[in-house]
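As a plain string of letters, each chain reads:
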Amino acid sequence: MIVGLPWWVAWTVLLYLALVNSFYLVLLGAACVELRTHKRRIWHERRERLLGSRVAPRLSMLAPAFNEEATVLESVRSLLTLSYPSLEIIVINDGSGDATLDVLRREFDLAPIHPIYRRQVEHAHVRGLYRSRQKPGLLVVDKVNGGKADALNAGLDIASGELVCAMDADTLIEPDGLLRMVRPFLTREDIVAVGGTIRVANDCDVRGGRVVHARVPTRPLPGIQVVEYLRAFLFGRCGWNRLGGNLIVSGAFGLFRRDAVLDAGGYVHDTVGEDMELIAHLRRRGYEHGGPRRVEFVPDPVAWTEVPETLRVLGRQRDRWHRGLADVLWRHRDVALRPRYGSLGLFAYPVFVLTELLPPVLEIIGLVGAAVGIAVGALDASFFLTFALVVYGYGLVLNAISLMLEELTFPRYPRLVDRVLLVLWMTLENIGYRQLRSLWAIRGIVKYLRGDRAWGTMTRGGFALAPSEIPLEAR
Amino acid sequence: AGLISRAERWCTSRRWWRRLRGVRLLGLLGRGDDVVPRLLHDANPDVRAEAAAWAAGSRSPAVVERLLELLEDPETLCRFAVKDSLLRLGEPVVDPLARRLPILEGVALREALTIAAALAEPRLRDPALALLGHRDPAVRALASDVVGRIGGVAAAERVAELLSDPDPAPRAAAARALGHLGHWRTAAQLTPLLRDPAWDVRRAAGVALRGLGAPGTLLLRRALADADPFAADMARQLLELPPAVTSEELG
């Protein structure tokens, strides 16, 4: 099969593949059990009862905004219609150079306020605090620019809720999303963070800050990302609920116990993976200090977000994600394989290294090695083809099961054409897209090793407006 | 009728998720007086919690007593549902709660005091006053909250004793309570707390002083010249507030 390759190399690769793919099977099984139990628990649940509850935990939404004059009104109006009792919405104007603050001031009749609050985490100077006279639950923090993590920290200090929900400025949360997402905090006292499902909003019919008709994009790039997100959330994160808790909560839609985040020092500024770093830190701190440390994922609350539509922007995003992953895993490397850190150190951390960090590198090495091997006659081409078909076929099966899970649990695509498109994108994902994703991941790791901390630029189409270049961060 | 009888049958199923469906359905239909109370003893926490939520519509004394017993439930979800239902029930809960407060301990006692604070009924004052000397600082703080919401001159004097509590939580709660009670005679006892090592205590004392009107404002002005920089800073922040800012806004 492979001439000239030491036997132990071939067996190591095979063992690694067997372990990783066996883990995916276990994860899938765990996800199925979790989803079934969850569906049974929430059957006709009367969530609206929470709206009249005097013991529901107070919740603060933290919405950083930087140069969002074109979209901030729609975003804030959408937040104001969220169903939750005692909801506080904090928009943090992170030193915008445009008219973001003026737009908010005019539209919501903002008046200056002077709360006596304790500064507990590091953030740039706050220039002013405002409350809306029309909507008393809306607060606006005006501060000097410091980046997303810095803005969230300022919001954390000001917030009065027991729970805080960190979100991206362009995330659209479904009206009952918070009522669904708060459930784990009512069920267990050791919960420190909860994540919800992120879905792709591209091509969806959005009106008044709501996705009224979900549609699968007809273009391959955003369409394949729909499949990717379904797999990551319904399959991956649901499964981790059963296997010791999640290590990631999306920065676009995550709910946290405020005092735990403050005790952990808030978000760190010097990483591009600040959301994952916070989770790792919270879990680790829970083990070290005996506090809450469980991170759960709830599959039914949904937030919609726009995904990149060009290879350039998508590449930057994936490169940044992998840089963040590498950074966080390196920062917290001393939890690895230590019994003191329970399932975090003994299971979650090593598995993340093996199944998230390394696979892109090994895949590209494998492909390049195979090409060279076939070229020099050291590798039998038909063997390689069979091997590749098995590996990619396995990936296809996992994708198909993810789509089935979506269909059986929380379906959002009622049209036949959307389902056909999902099957098409599911099939095409492994041909080209997967390899590109691996290349971007490797680029991210290389950049990380070189010390690159830049966020890059995200081109947004906007849900109702023409495309514009909006720099996310300027560090 | 068919739906109700099916829901009642589900309530006796061996499968927890069927029992859960049965309780939910009966709750939606406004029925279940014969079968759901039994599920307040169910082994499954989701079922117990749902039965507790159903109980918010039942004024039966036996159900209220069982809800109060469930304040000791080991499951967080059950205790949440029980607290919510007890608060929705309101008046029928007051006397049974007042009888139970002296004998509860641990988590159940803390949960009961949270309910007592929300109900703020005068009949709960005496049991809460008796708990101001409890060994658990969290209980002392919660009892202080209850007393602060209910009021009374004698209550103010008892609460003021907690201003020198060794734990910061009761000290802060006592300061807040005295602010709510508006007992200006305790203003002089609040002033030293502006130098407290705990920020929450300093803030609570400062807000309480501001809420006491002229006597409190005078003491805050004097605190501007305090040798302790934290006391002076807290006084300054409070005095710089516009007069229209209320104590409710400050929390």
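Placed above this text is the structure.
Small disclaimer: the values here were computed from a predicted structure and weren't measured.

A. Molecular detail of the overall build of chain B. Helix and strand counts for chain B come out as 16 helices and 0 strands. Taken over the C-alpha atoms alone, chain B extends approximately 75 × 35 × 25 Å along its principal axes. Counting only carbon and sulfur atoms, one obtains 52% of the accessible surface of chain B, whose full area is about 11,200 Å². Separation between the mean location of the 35 positive side-chain charges and that of the 32 negative ones in chain B comes to 5 Å.

B. Main features of empty space enclosed by the protein. In the structure shown here, the tally under the stated rule is 6 cavities of 30 Å³ or more. As a volume, the largest cavity reaches approximately 360 Å³. Elements represented by at least two residues in the lining of the largest cavity include exactly helix 5 (177-181) and helix 6 (183-187) of chain A together with helix 2 (16-29), helix 3 (45-54) and helix 5 (76-89) of chain B. The element that contributes the greatest number of residues to the lining of the largest cavity is helix 5 of chain B, accounting for 5 residues. Its residues assigned to classes, the lining of the largest cavity shows 10 nonpolar, 1 polar and 12 charged. Estimates place the volume of the second largest cavity at around 80 Å³. Surrounding the second largest cavity, 13 residues form its lining, A63(A), P64(A), V72(A), S75(A) and A169(A) being those nearest its centre. At the level of elements, strand 1 (59-65) and helix 2 (72-80) of chain A are the ones that each hand at least two residues to the lining of the second largest cavity.

C. Summary view of the pattern of salt bridges. Taken as a whole and assessed by the stated rule, the structure comprises 58 salt bridges over all chains. Between D319(A) and R443(A) there is a salt bridge, with the nearest N and O atoms lying 3.0 Å from each other. Separated by 124 residues along the polypeptide, D319(A) in helix 10 (residues 311-331) and R443(A) in helix 13 (residues 416-450) bring together distant segments of the chain. Here D73(B) ties to R48(B) by a salt bridge, and the two come within 2.6 Å at their closest N and O atoms. Of the two residues, D73(B) is situated in the loop between helix 4 (61-69) and helix 5 and R48(B) in helix 3; the sequence distance between them amounts to 25 residues. Like D73(B), the residue R48(B) is buried in the burial classification. What emerges from the salt-bridge pattern is a single network uniting R41(A), E45(A), R47(A), R183(A) and D46(B).

D. Local environment of the environment of G366(A). Residues and elements named next belong to chain A. Checked against the element boundaries, G366 lands in helix 11 (residues 342-375). Note on G366: relative accessible area 36%, which makes it partly exposed. Along the sequence, G366 and L172 sit 194 residues apart, while their C-alpha atoms lie 40 Å from each other.

E. Just helix 9 (residues 137-150) of chain B, in detail. Residues and elements named next belong to chain B. End to end, helix 9 covers 20 Å across 14 residues, agreeing with the expected 20 Å (1.5 Å per residue, within 8%). Along helix 9, the residues classified as buried are V139, R140, A141, A143, S144, V146, V147, G148 and I150. The inward-facing, buried residues of helix 9 abut helix 7 (106-119), helix 8 (125-130), helix 10 (153-160) and helix 11 (168-181). Here helix 9 starts with a cap whose side-chain oxygen sits 2.9 Å from the backbone nitrogen of A138, and that cap is D136.

F. Here's a closer look at the nonpolar core. Ranked by internal contacts, the top residues of the largest apolar core, which has 192 residues, are M61(A) and L97(B). It is helix 7 (residues 220-242) of chain A that contributes the most residues to this core, 11 residues altogether. Formed jointly, this core draws a minimum of three residues from each of two domains, domain 1 (1-89) and domain 2 (151-250) of chain B. When near neighbours in sequence (up to four residues on either side) are disregarded, L97(B) contacts L68(B), A112(B), I115(B), A116(B), L119(B) and L124(B).

G. Representation of the packing of helix 12 (residues 381-408) of chain A against helix 13 of chain A within the structure. Residues and elements named next belong to chain A. Between helix 12 and helix 13, whose axes approach to 10 Å, the crossing angle comes to 145°. For the pair helix 12 and helix 13, the sense of crossing is right-handed. Along its contact with helix 12, which presents V391, Y392, G395, L396, N399, A400, L403 and E407, the element helix 13 presents R419, L422, V423, M426, T427, E429, N430, R434 and Q435. Of the residues contributing to the contact of helix 12 with helix 13, the split by class is 8 nonpolar, 5 polar and 4 charged.

H. Local environment of helix 12 of chain A. Residues and elements named next belong to chain A. Here helix 12 is 28 residues long and its end C-alpha atoms lie 40 Å apart, about the 40 Å a rise of 1.5 Å per residue gives. The set of residues buried in helix 12 consists of A388, Y392, G395, L398, N399, S402, L403, L405 and E406. Those residues of helix 12 that are buried lie in contact with helix 1 (7-42), strand 8 (191-200), helix 7, helix 11 and helix 13.

I. Molecular detail of a nonpolar patch on the surface. A cluster of nonpolar side chains, namely W7(A), W8(A), W11(A) and L14(A), defines an oily patch on the protein surface of about 570 Å² accessible area. Examined against the element boundaries, W11(A) turns out to sit in helix 1.

J. Spatial organisation of the interface of chain A and chain B. With 26 residues of chain A in contact, the opposing surface of chain B contributes 31 residues. Across the chain A/chain B interface, buried area totals approximately 2,700 Å², and carbon plus sulfur atoms make up 59% of it. When the buried area of chain A at its contact with chain B is split by residue, R40(A), W43(A) and I116(A) rank highest and sum to 29% of it. Applying the counting rule to chain A against chain B returns 4 salt bridges. R49(A) serves as the salt-bridge partner of E50(B), at 3.5 Å between the closest nitrogen and oxygen. At the boundary of chain A with chain B, the tally comes to 9 residue pairs in polar contact (both at pLDDT 80 or more). For the side of chain A that touches chain B, the secondary-structure elements that each account for two or more residues are helix 1 and helix 6 of chain A.

K. Focus on the pairing of strand 12 (residues 294-305) of chain A. All names here are of chain A. Within strand 12, 12 of the 12 residues are buried, which leaves the element mostly enclosed by the surrounding structure. The pairing of strand 7 (residues 172-173) with strand 12 spans 2 bridges and is classified as antiparallel. Looking across to strand 12, one finds that L172 is bridged to W304. The sheet contact formed by strand 8 and strand 12 spans 8 bridges and is parallel. Looking across to strand 12, one finds that I191 is bridged to R294.

L. The arrangement of unusual backbone geometry in detail. The residue S86(A) is not glycine, and still its phi comes out positive at about 50°. Along the chain, S86(A) falls in the loop between helix 2 and strand 2 (87-94). Residue class for S86(A) comes out partly exposed when judged on its relative accessible area of 40%. Positive phi outside glycine occurs at A120(B), with the angle close to 50°. Topologically, A120(B) is positioned in the loop between helix 7 and helix 8.

M. Spatial organisation of the sheet that holds strand 3 (residues 110-112) of chain A. All names here are of chain A. Taken together, 10 strands build an open sheet; the order of strands is 3-4-5-2-1-6-11-8-12-7 and the sheet is mixed. Whereas interior strands pair on both sides, the edge strands pair on one side only; in this sheet they are strand 3 and strand 7. In this structure, strand 8 lies alongside strand 11 (residues 253-257), joined through 3 bridges in antiparallel fashion. When the sheet's bridge partners are listed, A193 is paired in strand 11 with F256. This element, helix 3 (residues 100-108), spans strand 1, strand 2, strand 3, strand 4 (126-132) and strand 5 (138-143) of the sheet and lies at about 155° to strand 5.

Thresholds applied
Residues numbered from 1 in each chain as written. Chains lettered and ligands numbered in written order. Predicted model: local features only at pLDDT ≥ 70, side-chain atom pairs only at ≥ 80, totals over all residues. Heavy atoms only, no water. Helix = DSSP H or I, 4+ residues; strand = E, 2+ residues; numbered from the N terminus. Areas by Shrake-Rupley, 256 points an atom, 1.4 Å probe, with all protein chains shown as cover. Lys, Arg positive; Asp, Glu negative; His and termini not counted. Charge placed at Lys NZ, Arg CZ, Asp CG, Glu CD. 1 Å grid on protein atoms, 1.4 Å probe; cavity = no way out; pocket = protein on both sides within 12 Å on 5 of 7 lines; lining within 4 Å. Points joined across faces, edges and corners; volume = space filled by probe spheres on them. Nonpolar A, V, L, I, M, F, W, Y, C, P; charged D, E, K, R; others polar. Salt bridge = Lys/Arg side-chain N within 4 Å of Asp/Glu carboxyl O. Buried < 20%, exposed > 50% of the residue type's maximum accessible area, 1.4 Å probe, protein only. Expected span 1.5 Å × (residues − 1). Contact = heavy atoms within 4.5 Å. Polar contact = N/O pair within 3.5 Å; in protein donor to acceptor, adjacent residues only side chain to side chain. Core = buried A, V, L, I, M, F, W, Y, C linked by side-chain atoms within 4.5 Å. Domains from an automatic or database assignment. Axes fitted to C-alpha atoms, helices over the stretch in contact; angles between N-to-C directions. Left-handed = near helix turned anticlockwise from the far one by under 90°. Patch = residues over 30% accessible without salt bridge, like charges linked within 9 Å, V, L, I, M, F, W, Y side chains within 5 Å. Buried area = accessible area lost by both parts, 1.4 Å probe. Pairing = 2+ DSSP bridges.

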